[in-house]
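Below, each chain spelled out in residue letters.
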Amino acid sequence: MKPTDSEATPPRDLISDLTRLVAEPPQDFATRVLQRAGIPRERYDTYVRLETPAGGLFVASGPQAVTGSALDSAGLTATAFETLHRERTHRSAVRSGKPFPGVVTALRTGRARRLPIDLSGFTPVEQAVLEAVRAVPAGQLRPISWIAREAAVPTEVVAGALAMNPAAVLIPCHRVTYDNGAPCDGTFLPELGDALRAAEGIDRGKTEERLRQGVMFLGSDTTRIYCHPTCAHARRITPPHQVPFRTAREAGRAGYRACKSCRPVTV
């Protein structure tokens, strides 16, 4: 005997109950399971998803340091991030609701220099480049040649190291330019780098106008000091007192000294 339509169709309240059973578990569910199973925290990483001006950012960490981060703006899913993280670090990352201490503040202020980031899987040269990038202050730009000088490495290796950045946004490759002033965003899509720079107050219009004019440095005719144009000191130079320079040598010949803060040359 065939069931009637009413017998074959599950009641609506049963469907609702089943739907709730397959809903997303709480964010800390996996970590609680691992803890109950006695798995030491040192055996795995956890990760959270945080918002940035360029979209969502997955940030993974171990007990002592951030171990990786990636923007999801290009369609990266949580599952894909977990896979990529495991391939790079050989450690599993499980979803959590608790970010590593200091990460939220670092993203809000743009100051992540003191945030511990694990770079142990990289060569000394790559580590030196990435640490030099971390030294660039929020709201400022530095050319590849500056990064190379600070890291004491050949200029030609810098772009390759930037492309291997394991901690997007937290290691701010969006603050690095080519020596002609054009953005060098590493693995970022151009619009993502633009969003991050705009959020830090970097005026793209002014930057592009200076590029067209060939202006690499700005001097002050009152202090006789010259800086990178986005240096905090350069921003305080009022237009009547700004002196543009195409090269550091040109500034030196004009009797200007290099800024000790942004270090356009070794000082």
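Just so you know, the residues in each chain are numbered from 1, in the order the chain's sequence is written. In keeping with the predicted nature of the model, local features appear solely for residues at pLDDT of at least 70, side-chain atom pairs appear and are counted solely at 80 or more, and the whole-chain, interface and lining totals rest on all residues. With hydrogens and water set aside, each side-chain value is computed from the structure's full complement of heavy atoms.

### Side note on the nonpolar core
Here, nonpolar core means buried Ala, Val, Leu, Ile, Met, Phe, Trp, Tyr and Cys residues that are tied together by side-chain atoms lying within 4.5 Å of each other. Accessible area is worked out with a 1.4 Å probe on protein chains only. A residue is then buried under 20% of its type maximum, exposed over 50%, and partly exposed in between. By size, the foremost hydrophobic cluster in this structure holds 40 residues, and its most contacted members are Ile147 and Leu170. Secondary structure is summarised from DSSP: a helix means a run of H or I of at least four residues, a strand means a run of E of at least two, and numbering begins at the N terminus for each. Where this core is concerned, the elements lending two or more residues are β1 (45-52), β2 (55-61), β3 (66-71), α5 (103-109), α6 (124-134), α7 (144-151), α8 (158-163) and α9 (190-199). Looking at which element gives the most residues to this core, the answer is α7, with 5 residues. The contact rule is simple, with two residues in contact once any of their heavy atoms fall within 4.5 Å. Excluding its chain neighbours within four sequence positions, the residues that come into contact with Leu170 are Val59, Val66, Ser69, Ala106, Leu107, Ala112, Leu115 and Ile117.

### With respect to the environment of Arg108
Within the secondary structure, Arg108 sits in helix α5. With 55 residues separating them in the primary sequence, Arg108 and Pro53 have C-alpha atoms 9.9 Å apart.

### Comments concerning the sheet that holds strand β10 (residues 257-258)
The sheet built from 4 strands is open, its strands ordered β9-β7-β8-β10 with mixed pairing. Where the open sheet ends on each side, the last strands, each with one partner, are β9 (242-245) and β10. Think of it this way: DSSP has to see at least two bridges between two strands before they count as a pair. Sheet topology places strand β7 (residues 217-220) next to strand β8 (residues 225-227); 3 bridges connect them, and they run antiparallel. Residue Leu218 lies in a different strand from β8, and its bridge partner there is Cys227.

### Concerning the packing of aromatic side chains
Stacked, tilted and edge-to-face pairs are distinguished by plane angle, under 30 degrees for stacked and over 60 for edge-to-face with tilted covering the rest, among Phe, Tyr and Trp rings (Trp via its six-membered ring) whose centres lie within 6.5 Å. Counted under the stated rule, the structure contains 6 aromatic pairs. For the pair Tyr47 and Phe58, a centre-to-centre distance of 6.0 Å together with 75° between the ring planes defines the contact as edge-to-face. Here the residue Tyr47 occupies a position in strand β1, and Phe58 occupies one in strand β2, the gap between them amounting to 11 residues. A relative accessible area of 1% means that Tyr47 is categorised as buried.

### Considerations on the pattern of salt bridges
Throughout this description, the term salt bridge denotes a Lys or Arg side-chain nitrogen within 4 Å of a carboxyl oxygen of Asp or Glu. On inspection of all chains with the given rule, the structure shows 12 salt bridges. Among the salt bridges present, the one from Glu150 reaches Arg149, with a minimum N-O distance of 3.5 Å. Relative accessible area serves as the criterion here: at 34%, Glu150 is assigned to the partly exposed category. Residue Arg149 is classed as partly exposed on the basis of its relative accessible area of 29%. Bridged by salt links that share partners, the residues Asp185, Asp194, Arg197, Arg204 and Glu208 form one connected network.

### Section: α7
Helical periodicity: at 3.6 residues per turn, an α-helix aligns residues three or four positions apart in one direction. Among all positions of α7, only Ile144, Trp146, Ile147, Ala148 and Ala151 are buried. Where α7 is buried, its residues contact α6, β5 (142-143), α8 and β6 (176-177). Looking one or two residues beyond α7, the residue adopting positive phi is Ala152, at roughly 60°.

### Some words on the side chain of His174
If you trace the backbone, His174 turns up in the loop between α8 and β6. Given a relative accessible area of 1%, His174 falls into the buried group. Beyond its immediate chain neighbours, meaning those up to four positions away, His174 contacts Leu141, Val169, Asp185, Phe188, Gly193, Leu196, Arg197 and Glu200.

### Here's the deal with the environment of Ala232
Tracing the backbone shows Ala232 in helix α11 (residues 232-235). Given a relative accessible area of 34%, Ala232 falls into the partly exposed group. For the pair Ala232 and Ala138, spaced 94 residues apart in sequence, the C-alpha to C-alpha distance is 9.8 Å.

### Observations regarding the confidence of the model for the protein
Looking at the protein as a whole, the pLDDT averages 88, with 83% of positions reaching at least 70. Per-residue confidence from the predictor is reported as pLDDT, which spans 0 to 100. At the level of individual helices and strands, the protein shows its lowest average pLDDT in helix α1 (residues 5-8), which scores 52, and its highest in β8, which scores 98.

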